[in-house]
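Breakdown of the fold
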Amino acid sequence: GRAGAVGAVGAAMSVFVTRRIPAEGLRVLSQASGCRVHQWDSEEPVPRAELLSGVAGKHGLLCLLSDRIDREVLEAAGPGLKVISTMSVGFDHLALEEIKKRGIRVGYTPDVLTDATAELSVALLLAVCRRLPEAVEQVKNGGWTTWKPLWMCGYGLSDSTVGIIGLGRIGQAVARRLKPFGVKKFLYTGSRPKPENAAEFEAEFVPLMRLAEESDFVVVTCALTPATQEMCNKDFFSRMKKTSVFINTSRGAVVNQEDLYDALAHGQIAAAGLDVTTPEPLPTDHPLLSLKNCVILPHIGSATYATRSTMAVLAASNLLAGLRGEPMPHELLL
């Protein structure tokens, strides 16, 4: 573009994009005057060595939740790095202390993926509690013989108690969608009560263990932090009802997977649905994948065409605003 054109990002700012992203997002960057885009042009994650060389000397970085942006990456980038924009609502992959120390601004993409993720959370909950994947399999392998009164029975939402761990944007959007199914009571837990979030559902703030004891459905929609790491462990699952269903669409590390396996294998809880695991992808020989009462999805919470496109555009807009020293549409304030 012309030097000094309106909206110029300053003297030739260079950015590194860690993956092939929806075209609309890339277009925002490539059409900005003075912005030079370098991209790891693949559907697969950037190898560590390529990330370290790709970020060297760049002013901006557009990354995904699968990229670990730690001290090593920041040092490889050098002192010119002004802004990091992640195409995610979660930021547990970013070393925030190191980033803050260097005065680097951070953009992220909340709000735009709330509805898609909440919708997927409800879809997963229904698939698990009504045993859909198992039922589909029975049709295919000849297990379906005649109508039987107790065959393939599951658990319904009518008159149930739903416990939500993390009543933030996504937690509220899940509750809003579950309420019309006839849920009797909502419980929630988190770092502190959020009466303004809870009012709409008359949700009651309770300690974690009381939520475990009283909920028929537990839905995890919290952020991964040191406080929530492996929060759902043996102790937690042992307090849950034998008829209860556990759903996680937040981050895999919030759950101790060995403890979850034991709880599912020994009938301590009825079933579980996970959209997130640790690691991702989960090895195909992982014990959880051998269980009938566990449904695992490949982290597709925000996976609608429209949502992913919007996320890419927002991530690109955050990056440009940061490079221009302007307010970002969505800045993570460190």
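In this text the structure is predicted, and so the values were computed from the model without any measurement.

Right, let's get into the nonpolar core. Formed by 48 residues in total, the largest nonpolar core has its most connected members in L29, L62, L125, V162, L178 and F186. Every element with two or more residues in this core is listed here: β1 (13-17), α5 (114-129), β6 (161-165), α7 (169-178), β7 (185-189), β9 (217-220), β10 (245-248) and α12 (305-324). At 8 residues, α12 tops the list of elements feeding residues into this core. Counting contributing residues per domain, this core is built from domain 1 (13-111 + 305-332) and domain 2 (113-296), each supplying no fewer than three. Ignoring anything within four residues of it in the chain, the contact list for L62 reads F16, V17, T18, I21, L29, S85, A315, A316 and L319.

Here we come to the domain arrangement of the protein. When the domains of the protein are assigned, the result is domain 1 (13-111 + 305-332) and domain 2 (113-296). If you average the C-alpha positions of domain 1 and of domain 2, the two centres end up 32 Å apart. At the junction of the two partners, domain 1 supplies 10 residues and domain 2 supplies 7 residues. For the pair domain 1 and domain 2, the interface holds 2 salt bridges.

Our focus in this paragraph is the pattern of salt bridges. Going through the model one piece at a time under the given rule, you end up with 21 salt bridges. With a closest N to O distance of 2.9 Å, R48 and E72 form a salt bridge. Of this pair, R48 sits in helix α2 (residues 48-55) while E72 sits in helix α3 (residues 71-77), and the two are 24 residues apart along the sequence. Given the relative accessible area of 25%, R48 is considered partly exposed. Note on E72: relative accessible area 43%, which makes it partly exposed. Residue R177 is joined to D115 by a salt bridge in which the shortest nitrogen-to-oxygen separation is 3.0 Å. With R177 in helix α7 and D115 in helix α5, this pair connects stretches of sequence that are 62 residues apart.

As a further point, take the packing of aromatic side chains. Tallied over the entire structure, the rule returns 6 aromatic pairs. Arranged with centres 6.3 Å apart and planes meeting at 70 degrees, the rings of F236 and F246 form a pair that is edge-to-face. Separated by 10 residues along the polypeptide, F236 in helix α10 (residues 234-239) and F246 in strand β10 bring together distant segments of the chain. Comparing F236 with F246, the two get one shared label, buried.

Another point: the pairing of β6. Strand residues, when the strand is regular, have side chains that alternate between the two faces of the sheet. Buried residues dominate β6, accounting for 5 of its 5 residues. Bridging between β6 and β7 involves 5 bridges; their strand directions are parallel. Its bridge partner lying in β7, I165 is registered against T189. Remark: the β6/α7/β7 crossover connection has right-handed handedness. Here β6 pairs with β9 via 4 bridges, running parallel. When the bridges of β9 are listed, G163 appears paired with V218.

Cut-offs and rules
- Residues numbered from 1 in each chain as written.
- Predicted model: local features only at pLDDT ≥ 70, side-chain atom pairs only at ≥ 80, totals over all residues.
- Heavy atoms only, no water.
- Core = buried A, V, L, I, M, F, W, Y, C linked by side-chain atoms within 4.5 Å.
- Buried < 20%, exposed > 50% of the residue type's maximum accessible area, 1.4 Å probe, protein only.
- Helix = DSSP H or I, 4+ residues; strand = E, 2+ residues; numbered from the N terminus.
- Domains from an automatic or database assignment.
- Contact = heavy atoms within 4.5 Å.
- Salt bridge = Lys/Arg side-chain N within 4 Å of Asp/Glu carboxyl O.
- Phe/Tyr/Trp six-rings, centres within 6.5 Å; stacked < 30°, edge-to-face > 60°.
- Pairing = 2+ DSSP bridges.
- Right-handed = clockwise from strand over helix to strand, strands pointing away.

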